[in-house]
Amino acid sequence: MLNNLFINIGNWIVDITMRLGGSQALGLWIERIVAAVVVLVFLLCNVIILVYLERKISGFIQERLGPNRMGPVGIFQLFMDILKLVSKNTVTPDRADKFLYNLVPIVVFIPTMMVFAVMPLGEGMTVYDSPVSLIYYFAVSAFTTLILLLSGWAANNKYNLMGGMRAAAQMVSYEIPLLFSLLGIVMLTGSLNLNDIVYDQIEHGWFIFRQPLAFIIFSIAATAEINRSPFDLAEGEQELIAGYQTEYSGMRFAFMYLGEYVAMLAMCWLAAVLFLGGWQGPILPGWLWLFIKTYVFVLLNMWVRWTFPRIRIDHMFKLNWKVLIPLAVANLAITGIVIKALQFMA
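Keep in mind that this is a model prediction, so the values were computed, not measured.

K.L.:
Sorry, what's going on with helix H9 (residues 194–204) here?
P.N.:
Because each turn of an α-helix spans 3.6 residues, side chains separated by three or four positions end up pointing in the same direction. Inspection of H9 places Leu194, Asn195, Ile197, Val198, Asp200 and Gln201 among the buried residues, and these make up the whole buried set. On the buried face of H9, the contacting elements are helix H6 (133–141), helix H8 (158–189), helix H10 (207–210) and helix H13 (250–275). If you check the start of H9, you find a side-chain oxygen 2.8 Å away from the backbone N of asparagine 195, and it comes from asparagine 193.

The following block contains the structure:
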């Protein structure tokens, strides 16, 4: 029953709509709108959890207490921070492009939220089950690169501009090994649909075991793609103050911060779908298993952030162009050879 909880709720919405005189198509559209609102609220609630986890985990790794004053074990600290940000003035620099400067914080997290339209939330629980959902994910998330570049340009500040250019160069560069690492999975499944990829893993085994090199490449490239340490060169405080978000304050800064955590959650969710079998798991409902697997990747990401120091920008690009891309191409070639060899033997 719990495994089909959200499917049953969706069917109930369609059924109620038809009983009230509406068509089935109208009921399906209402179901999708409700699902989109639920996903949005879910993401915002998860950001609260992620910020709290980040602070407690960083405190534990660095032998500090972390938040511990506001509420039991500091669980209300984030709400105090939100209150502080809301009460702060938002200042617009005189020489900034005011339209773009004010637009960026509004749209910065929209692409990462849009990708959840095609992400499986469980078996049969996808807002829009596209046959090319994997391509859709990277096509939509690529808009973040343009938004961060606009953030650097609009503020008319050298630190913002350098941070925005670094972010664009980094994200465009690391998209290459990121996408190449997934081509082996596409070749093995014969599909670009995320649900089909999960079903293939349920039948033949998780891709973390069948494509281990692709998983390693994906993990490194994904960390760089979402600008997380040790690849957070776009906002390196010892060089650029806060990079592309230097001039933002108050709730504008909060929205920029929100975009980073939603992007991390989306990438970890995708990793759980592609490499850990998505919703597959015993006893517990499938959607709960997917949530658990996603948070395993989230915790690993936070562990890496607070363990490794920030690398130099030239080392970061050497790692991409001289190590990850050749390895991704080699993995693609090996996967093709193995597939042809198995077909020949059959």
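K.L.:
What is the right way to read H13 from this model?
P.N.:
Under the 1.5 Å per step criterion, the end-to-end length of H13 is 38 Å for 26 residues, consistent within 8% with the ideal 38 Å. Of all 26 residues making up H13, 22 are buried, and the element is well covered by its neighbours.

K.L.:
Would you explain the environment of glycine 122 in this entry?
P.N.:
Position of glycine 122 among the secondary structure elements: in the loop between helix H5 (110–114) and H6. Assessed through its relative accessible area of 0%, glycine 122 is described here as buried. Sequence-wise, glycine 122 and leucine 213 are 91 residues apart; in three dimensions their C-alpha atoms are separated by 26 Å. Once residues within four sequence positions are removed from consideration, glycine 122 is found in contact with Trp279, Trp287 and Leu290.

K.L.:
Which parts of the structure should I look at to understand a nonpolar patch on the surface?
P.N.:
A cluster of nonpolar residues, Met70, Val73, Ile75, Phe76, Phe79, Met80, Ile82, Leu83 and Val86, forms a patch on the protein surface that exposes about 780 Å² of accessible area. For methionine 80, the position within the fold is in helix H3 (residues 77–87).

K.L.:
When you look at the pattern of salt bridges in this model, what are you seeing that I'm missing?
P.N.:
In a structure, side chains of opposite charge can pair up when their charged atoms sit close to one another. In this structure the tally under the stated criterion is five salt bridges. Between aspartate 200 and arginine 210 there is a salt bridge, with its nearest N and O atoms 3.0 Å apart. Separated by ten residues along the polypeptide, aspartate 200 in helix H9 and arginine 210 in helix H10 bring together distant segments of the chain. For aspartate 314, the salt bridge goes to arginine 312, with nearest N and O atoms at 2.6 Å. The exposure class of aspartate 314 is partly exposed, given its relative accessible area of 29%. Here the salt bridges do not stand alone but share partners, grouping Glu54, Arg228, Glu260 and Arg305 into one network.

How each quantity is defined
Residues numbered from 1 in each chain as written. Predicted model: local features only at pLDDT ≥ 70, side-chain atom pairs only at ≥ 80, totals over all residues. Heavy atoms only, no water. Buried < 20%, exposed > 50% of the residue type's maximum accessible area, 1.4 Å probe, protein only. Helix = DSSP H or I, 4+ residues; strand = E, 2+ residues; numbered from the N terminus. Contact = heavy atoms within 4.5 Å. Polar contact = N/O pair within 3.5 Å; in protein donor to acceptor, adjacent residues only side chain to side chain. Expected span 1.5 Å × (residues − 1). Patch = residues over 30% accessible without salt bridge, like charges linked within 9 Å, V, L, I, M, F, W, Y side chains within 5 Å. Areas by Shrake-Rupley, 256 points an atom, 1.4 Å probe, with all protein chains shown as cover. Salt bridge = Lys/Arg side-chain N within 4 Å of Asp/Glu carboxyl O.

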